[in-house]
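Working through the structure, step by step
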Amino acid sequence: MSRRLLRYVDWPLLAVTLALMAAGTVILYSAVQNSADPGSVVRMRLAHIAVSLVVLAAVLAVDYRTLARLWRPLWAGAVLLLVLVLVAGRSSGGAQRWLAVGSWTGFQPSELAKVTLVITLARHIDSHRDVGSWRAVVSVLLHAAVPMALIARQPDLGTALALGAVLAALLFVAGAPLRVLVGLGAGAAALAPVAWGMLHDYQRQRLLAFLDPAADPLGAGYALIQSRIAVGSGQIWGKGLLRGTQNLLHFIPEQHTDFIFTVVGEELGFVGAVALVGLFALWLWRGAAIAAAAKDRTGMLMAVGAVALTAFHVFVNVGMTVGLMPITGIPLPFISHGGSALVAFGALTGLVLNVGMRRKKILF
C-alpha cells in the first residue's frame, strides 16, 4: 500500500473505533470484576483487539475493487463454513455456532459471513444496473437468502435479521423502486406465520416476553425486567464505574455480552449512555460521509452495507436493554465480549476506511 494513500485515511473514524474498543475494555472489566478470573477475560479482550486491528489493517491494504472481483469465491467460502458449522460445529447454550480452532479456541462463521455478505452483495447489486426488474431482485434475494437460512438454522435469528437489514439497505440505496420494496415487505409479512412456526420455543417466549415481560417475570421476562431496572437505576449520572449493584450481584444474565449496555446505564447513567451512543453516532456519520463521497457505486454500496449493519446492531442491542426491541442476541459492536464479532467489526471498519482512502486519485 502506497504511503501517499495514508493521507486520505479518515482519521476521525479510526480514532472513534479505537475509543470504542478502549471503552469496551473498561466496561467489560466492570461487568466481569466479580467473576473467578476477571484478569483472564481482559487479557483475552486485549488479544481480540490486537487481532481485530491486524484484520482492519489487512482489509485496508487490499483495494476494495480487488475484493469485489473475488465476490464469488468469497461468497462460496462463507457458505461452505456455514454448512460446516452445522455439520461439525461446537454447541453451547442450545446453539451450534462455533468452529473449533485447535483445542482452546474457536470462531463464529456467521460473523465472517456478515463481512463477506457486505462485500459480495455490493458487487452483485452493482452488476445489475437496473435493480427494478424482478429477475435482478430474485437473483440478489437468493444471494442473501442462502447464508441467512443457514445462520437461522444454527439457530441465530439476530444475525439472520441483521443480514436482512443489510439487504434492504443496499436495495434501497441502489435505487430499487418502491413497488419492489413494498412487494418484498409484503412477502416477508406473508411468511411471518410460517417463520413463527419454525422458531424454537425459547425464541417464541422471548418475543412474547417483549410484549408482556410481567407475564413470566422469573422466566422469559426476567432478563428484560432486570435490564430495565439496571438502566433506570443509573438515573442521570450513574452509580459510579465498578459500583453497579445490579451488575455486581449478577442480576442480569449475559451482562458481559448481549446485555453489556446495562452496565453503562447503571454505572455511568444517562450521561454515560448518551456519550457512548454519541461515539456510535460519530462512527455512523463518518461511514455515511465516506459512502456519499465514494469513487464508484461498488464502494458506495460496501460502505452503506457496513454502516447499515453497524446501525442495526447498535439500535437493536440498545433497544432490547431498555425494552424497545425484543431480545435477539445481538452484540453491541466493539463493546460486547466476543472475539469473532470484534474482528468482524474491525474488518468492516477497514472496509469503510478502504473505500474512503481510495475515493480520489493519488496526488504527487
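Before any of the text, the structure's been laid out above.
Residues numbered from 1 in each chain as written. Predicted model: local features only at pLDDT ≥ 70, side-chain atom pairs only at ≥ 80, totals over all residues. Heavy atoms only, no water.

Description of the overall build of the protein
Helices and strands together make up the secondary structure of the protein, namely 14 helices and three strands. A compact globule built from 364 residues would reach a C-alpha radius of gyration of about 21 Å, and the protein, at 20 Å, matches this within 12%. Principal axes of the C-alpha set define a box for the protein whose edges measure 55 × 50 × 45 Å. Out of the 364 residues in the protein, the part that is buried amounts to 48%. A separation of at least 24 residues holds for 71% of the contacts in the protein among residues at least 6 apart in sequence. Positive and negative charge centroids in the protein, built from 28 and 15 side chains respectively, lie 13 Å apart. (Helix = DSSP H or I, 4+ residues; strand = E, 2+ residues; numbered from the N terminus. Rg over C-alpha atoms; globule rule 2.2 N^0.38 Å. Buried < 20%, exposed > 50% of the residue type's maximum accessible area, 1.4 Å probe, protein only. Contact = heavy atoms within 4.5 Å. Lys, Arg positive; Asp, Glu negative; His and termini not counted. Charge placed at Lys NZ, Arg CZ, Asp CG, Glu CD.)

Examining the side chain of Thr298
Mapped onto the elements of the fold, Thr298 is located in helix 13 (residues 297–321). Given a relative accessible area of 8%, Thr298 falls into the buried group.

Quick word on the environment of His337
Relative to the assigned elements, His337 resides in the loop between helix 13 and helix 14 (339–357). Between the C-alpha atom of His337 and that of Glu254, which follows or precedes it by 83 residues, the distance is 9.7 Å. Apart from residues lying up to four places away in sequence, His337 is in contact with Leu28, Val41, Met44, Arg45, His48, His256 and Thr257.

Considering helix 7 (residues 157–174)
End to end, helix 7 covers 26 Å across 18 residues, agreeing with the expected 26 Å (1.5 Å per residue, within 8%). When helix 7 is considered as a whole, its buried residues turn out to be Gly158, Thr159, Ala160, Ala162, Leu163, Val166, Leu167, Ala169, Leu170, Leu171 and Ala174. On its buried side, helix 7 packs onto helix 5 (109–127), helix 6 (134–152), helix 8 (178–198) and helix 13. Gly175 occupies a position one or two residues after helix 7 and carries a positive phi of about 100°. (Expected span 1.5 Å × (residues − 1).)

Section: the sheet that holds strand 2 (residues 95–101)
The strand order across the open sheet formed by three strands is 1-2-3, and the pairing between neighbours is antiparallel. Two strands in the sheet have a free side with no partner beyond their single neighbour: strand 1 (90–92) and strand 3 (105–107). Taking each pair of neighbouring strands and ignoring which way they run, the sheet shows an average axis angle of 50°. (Pairing = 2+ DSSP bridges. Axes fitted to C-alpha atoms, helices over the stretch in contact; angles between N-to-C directions.)

Brief notes about the side chain of Arg297
With respect to the secondary-structure elements, Arg297 resides in helix 13. Not counting the four nearest positions on each side in its chain, Arg297 is found in contact with Ile125, Asp126, His128, Arg129, Val131 and Ala174.

Comments concerning the packing of aromatic side chains
Evaluated as defined, the whole model comprises two aromatic pairs. Among the aromatic side chains, those forming a connected cluster through ring pairs are Trp283, Phe334 and Phe345. (Phe/Tyr/Trp six-rings, centres within 6.5 Å; stacked < 30°, edge-to-face > 60°.)

Thoughts on a nonpolar patch on the surface
Taken together, the side chains of Val26, Tyr29, Leu241, Leu242 and Leu268 present a nonpolar region at the surface, about 370 Å² in accessible area. Residue position: Tyr29 is located in helix 1 (residues 11–32). Residue classification places Tyr29 among the partly exposed residues on the basis of a relative accessible area of 35%. (Patch = residues over 30% accessible without salt bridge, like charges linked within 9 Å, V, L, I, M, F, W, Y side chains within 5 Å. Areas by Shrake-Rupley, 256 points an atom, 1.4 Å probe, with all protein chains shown as cover. Salt bridge = Lys/Arg side-chain N within 4 Å of Asp/Glu carboxyl O.)

Quick word on the pairing of strand 2
Bridge analysis of strand 1 against strand 2 gives three bridges, and the strand direction is antiparallel. Paired with Ser91 across the strands is Gln96, a residue of strand 2. Examined bridge by bridge, strand 2 and strand 3 share three bridges and lie antiparallel to one another. Looking at strand 3, one finds that Ala100 is bridged to Gly106.

Thoughts on the pattern of salt bridges
A complete count under the given rule lists seven salt bridges for this structure. Between Arg286 and Asp10 there is a salt bridge whose closest N-O contact spans 2.5 Å. Taken as a pair, Arg286 in helix 12 (residues 261–292) and Asp10 in the segment before helix 1 lie far apart in primary sequence, 276 residues in all. Judged by relative accessible area, Arg286 falls into the buried class, the value being 16%.

A word on helix 2 (residues 38–61)
For helix 2, spanning 24 residues, the distance from its first C-alpha to its last is 35 Å, which sits close to the expected 34 Å at 1.5 Å a residue. Buried residues in helix 2 make contact with helix 1, helix 3 (64–69) and helix 14.

Side note on the packing of helix 4 (residues 71–88) against helix 5
Where helix 4 contacts helix 5, the axes come no closer than 9 Å and their chain directions differ by 150°. What the angle tells us is that helix 4 and helix 5 run roughly antiparallel. Once helix 4 is placed against helix 5, the crossing between them reads as left-handed. Facing Trp71, Leu74, Trp75, Ala78, Leu81, Leu82 and Val85 of helix 4, the residues of helix 5 in contact are Pro109, Ser110, Leu112, Ala113, Thr116, Leu117, Ile119, Thr120, Arg123 and His124. Here the residues of the contact of helix 4 with helix 5 sort into twelve nonpolar, four polar and one charged. (Parallel < 35°, antiparallel > 145°, perpendicular 65-115°, else oblique. Left-handed = near helix turned anticlockwise from the far one by under 90°. Nonpolar A, V, L, I, M, F, W, Y, C, P; charged D, E, K, R; others polar.)

Describing unusual backbone geometry
The omega torsion across Gln154 and Pro155 is 0°, close enough to zero to call that bond cis. Assignment of secondary structure puts Pro155 in the loop between helix 6 and helix 7. With a phi close to 50°, Gln235 is a non-glycine residue in the positive phi region. Within the secondary structure, Gln235 is located in the loop between helix 10 (222–233) and helix 11 (245–248). Backbone geometry at Phe334 places phi at a positive 70°, although glycine is not the residue there. When you line up the elements, Phe334 lands in the loop between helix 13 and helix 14. Classification of Phe334 as buried rests on a relative accessible area of 2%.

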